[in-house]
Structure formats: structure tokens, C-alpha cells
Amino acid sequence: QKEVEQNSGPLSVPEGAIASLNCTYSDRGSQSFFWYRQYSGKSPELIMSIYSNGDKEDGRFTAQLNKASQYVSLLIRDSQPSDSATYLCAVKLNDYKLSFGAGTTVTVRA
Amino acid sequence: DAGVTQSPTHLIKTRGQQVTLRCSPKSGHDTVSWYQQALGQGPQFIFQYYEEEERQRGNFPDRFSGHQFPNYSSELNVNALLLGDSALYLCASSLTGQGETQYFGPGTRLLVL
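Residue numbers restart at each chain and count upward from 1, following the sequence in its written direction. Chain labels run from A onward and ligand labels from 1 onward, assigned in the order the entries are written. This being a predicted model, a pLDDT of at least 70 is required before a residue's local features are given, and a value of 80 or more before pairs of side-chain atoms are given or counted; all residues contribute to the totals for chains, interfaces and linings. Each side-chain value is worked out from all heavy atoms of the structure, with water and hydrogens disregarded.

A. Spotlight on the packing of aromatic side chains. All names here are of chain A. To pair, rings of Phe, Tyr and Trp, with the six-membered ring standing in for Trp, must have centres within 6.5 Å; the planes then decide the type, stacked if under 30 degrees apart, edge-to-face if over 60, and tilted in the middle. In total, this model carries eleven aromatic pairs over all chains according to the counting rule given. Summarising the aromatic geometry, the rings of Y25 and F33 are spaced 4.9 Å apart at their centres and angled 45° between planes, so their arrangement reads as tilted. Each member of the pair, Y25 as well as F33, is classed as buried. When the centroid spacing of 6.5 Å and the interplanar angle of 40° are considered together, the rings of F34 and Y36 count as tilted. For F34, a relative accessible area of 1% puts it in the buried group. A residue is classified by how much of its surface remains accessible, and Y36, at 0% relative accessible area, is buried. A simple rule labels every residue: compare its accessible area, found with a 1.4 Å probe on the protein chains alone, to the largest value its type can have, and call it buried under 20%, exposed over 50%, or partly exposed in between.

Written out as C-alpha cells, the structure reads:
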């Protein structure tokens, strides 16, 4: 079983719609959760971090965490063409490394 | 506020050669982690350095080694390069004890021929 799994893409959404990305993790002891955005040929850029159950909003992005179900999600509201990228879910146990999913590629159609 | 920097940006080597990649952390950060990202995959943790010591290591062979200097900058060395070592090598910096959110540098793209 992979440590972190993301819903397979690619995900295509029309401009202005909501993009929904899901991620599940295997280790119940995981403490910290992160979403990174990676444009083609570039390095990952931090979008959000979340540590407690519930929702966390930052602009058009909302991260949701449910530790009991071991999943974390990212919603992108009012999707823009500039949101077209690969989104990486990362999970941290009580150690130091980040464990990443394979990423979900999002394409926003104008 | 200077972000994470890495050098070189691109590198081409042949099998069996050795390579050294360099990273300078974000200003104020004291911890450096290295990741390998193959095409179409998520980054894989290689190791993390703190206080000039390797603090944690991922599932990579001993051909991969590193170092951290007193100014917190770091090097990643890979010996006896294999074709499968071709990847994007990412350095991430963080501040120990402060949530330890990791911020990535631009990466070094290594091609082994």
C-alpha cells in the first residue's frame, strides 16, 4: 500500500468551476498535511498546510482534513487557466520527511 | 528575502561518473532536505540535514551522500551514476521547531547518458 495516494487524473474543469482533488494516506499517525502546486518543468510551490480536522480557507483554495477517514482534499473555486498544473499532496509523520502522492494534473479549459 | 537556491540548473553526465549538487536554504532556515523526482512521479525523500548531521534517510543506496556546512548550505553527491538516476533533484529548506514547512528550490535537472 502506498503511503499517499491521489485520485488519478488528469482532471479537466471549465473556467470558473470548482476543481476537487482528493488524497488518502496510510499512516494514522500522520501529523501534518500539505498541498503543493507544480507547473510543468518547475519545482513544487506550497499552496496550503493543514494540521487539524476541518476546513482551512485561503483565497480561492480550501483544504479539508479528516483524520478519522485518513483523507485530505483541496478545492479550487472559480478555477482559472493559471491553475492548470499538477497538484501534489504531501504528508508528514512525526518524523522529518515528506511523503508525496504521484500528483493530480488539472487542466482548466477557457 | 532570498528563497532557496540550487546549482547548477541542468547537468549532463555519463554512466559511472560522479556529480555534486548544491543548495542554499531560505534565509533564516537551518534544515535542508533533498528529494528526487522522476518524470510523472511525486518527489521521493533522499535525506535531511540538520546541525551538519544527516538526521533522516530515505530508501536510497549509499551512492547518495550529502553534507551540510556551518552556513546551513548543503551538497548532494551521487557516485557511480546510473541511467536511472536521471531526474529532477529538489532541495527543500525549513526551520526546525517551527512547523517545519518545507519550501523547495528550483531544482537541478540531471540527465545521465
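B. Region of interest: the interface of chain A and chain B. Listed per partner, the contact involves 18 residues of chain A and 21 residues of chain B. For the chain A and chain B pair, buried surface summed over both sides reaches about 1,500 Å², with 56% attributable to carbon and sulfur atoms. For salt bridges, the criterion is a side-chain nitrogen of Lys or Arg within 4 Å of an Asp or Glu carboxyl oxygen. Linking chain A to chain B there are zero salt bridges. Nitrogen and oxygen atoms within 3.5 Å of one another constitute a polar contact, given that in protein one can donate a hydrogen and the other can accept it, and given that sequence-neighbouring residues count only through two side-chain atoms. Between the two partners, chain A and chain B, sit nine residue pairs in polar contact (both at pLDDT 80 or more). In this text, helices come from DSSP runs of H or I with a minimum length of four residues, and strands from runs of E with a minimum of two, each type numbered from the N-terminal end. Among the secondary structure elements, those contributing two or more residues to the side of chain A that touches chain B are β4 (32–38), β9 (85–92) and β10 (98–100) of chain A. Among the elements that take part in the side of chain A that touches chain B, β4(A) stands out by supplying three residues, more than any other. Here the side of chain A that touches chain B is composed, by residue class, of ten nonpolar, four polar and four charged. The contact criterion used is simple: two residues touch if any of their non-hydrogen atoms lie within 4.5 Å. By definition, the buried area sums, over both parts, the 1.4 Å-probe accessible area that each loses when the two are put together. Throughout, the ten residues Ala, Val, Leu, Ile, Met, Phe, Trp, Tyr, Cys and Pro are labelled nonpolar, Asp, Glu, Lys and Arg are labelled charged, and all others, Gly among them, are labelled polar.

C. A look at the sheet that holds strand β1 (residues 5–7) of chain B. All names here are of chain B. Strand pairing requires that DSSP identify at least two bridges connecting the strands. Spatially, four strands are ordered β1-β3-β8-β7 in an open sheet, and the strand pairing comes out antiparallel. Strand pairing shows two members of the sheet lacking a second neighbour, β1 and β7 (64–68), which therefore form its edges. Averaged over all adjacent pairs, the angle separating strand axes in this sheet is 20°, with direction ignored. As judged from the five bridges shared by strand β3 (residues 19–24) and strand β8 (residues 74–78), these two strands associate in the antiparallel manner. Across the sheet, residue C23 finds its bridge partner in β8, namely S74. Interaxial angle, 0 to 180 degrees, is taken between N-to-C directions of lines fitted to C-alpha atoms, where a helix line uses only the stretch in contact.

D. Looking closely at a nonpolar patch on the surface. For patch building, the residue pool is restricted to those with more than 30% relative accessible area and no salt bridge; the joining distance is 9 Å between like charges and 5 Å between nonpolar side chains (Val, Leu, Ile, Met, Phe, Trp, Tyr). Using a 1.4 Å probe, accessible areas were evaluated by the Shrake-Rupley method; residue-level cover was limited to the displayed protein chains. Together, I12(B), L111(B) and L113(B) line one region of the surface with nonpolar side chains, adding up to about 300 Å² of accessible area. Under the relative-accessibility criterion, L113(B) is labelled exposed at 53%.

E. Representation of the pattern of salt bridges within the structure. A full pass over the atoms with the stated rule returns eight salt bridges over all chains. Put simply, E45(A) and R37(A) hold a salt bridge, and the shortest N to O gap is 3.1 Å. In this structure, R55(B) and E100(B) form a salt bridge, with 3.7 Å as the shortest nitrogen-oxygen distance. Here the residue R55(B) occupies a position in strand β6 (residues 53–57), and E100(B) occupies one in the loop between β9 (87–94) and β10 (103–104), the gap between them amounting to 45 residues. When its relative accessible area of 12% is taken as the criterion, E100(B) is described as buried.

F. The state of the cysteines, seen in detail. By definition, disulfides here are pairs of cysteine sulfur atoms that lie within 2.5 Å. Under the definition given, this model contains two disulfides over all chains. The residue that forms a disulfide with C23(A) is C89(A), at a sulfur-sulfur distance of 2.0 Å. Sign of the S-S torsion, about -70° for the bond between C23(A) and C89(A), identifies this disulfide as left-handed. Of this pair, C23(A) sits in strand β3 (residues 19–25) while C89(A) sits in strand β9, and the two are 66 residues apart along the sequence. Here C23(A) falls in the buried class, since its relative accessible area comes to 1%. Exposure remark for C89(A): the relative accessible area of 0% places this residue in the buried category. In this model C23(B) forms its disulfide with C91(B); the gap between the sulfur atoms is 1.8 Å. Classification of the bridge connecting C23(B) and C91(B) rests on its S-S torsion, roughly -50°, and on that basis the disulfide is left-handed. Of this pair, C23(B) sits in strand β3 while C91(B) sits in strand β9, and the two are 68 residues apart along the sequence.

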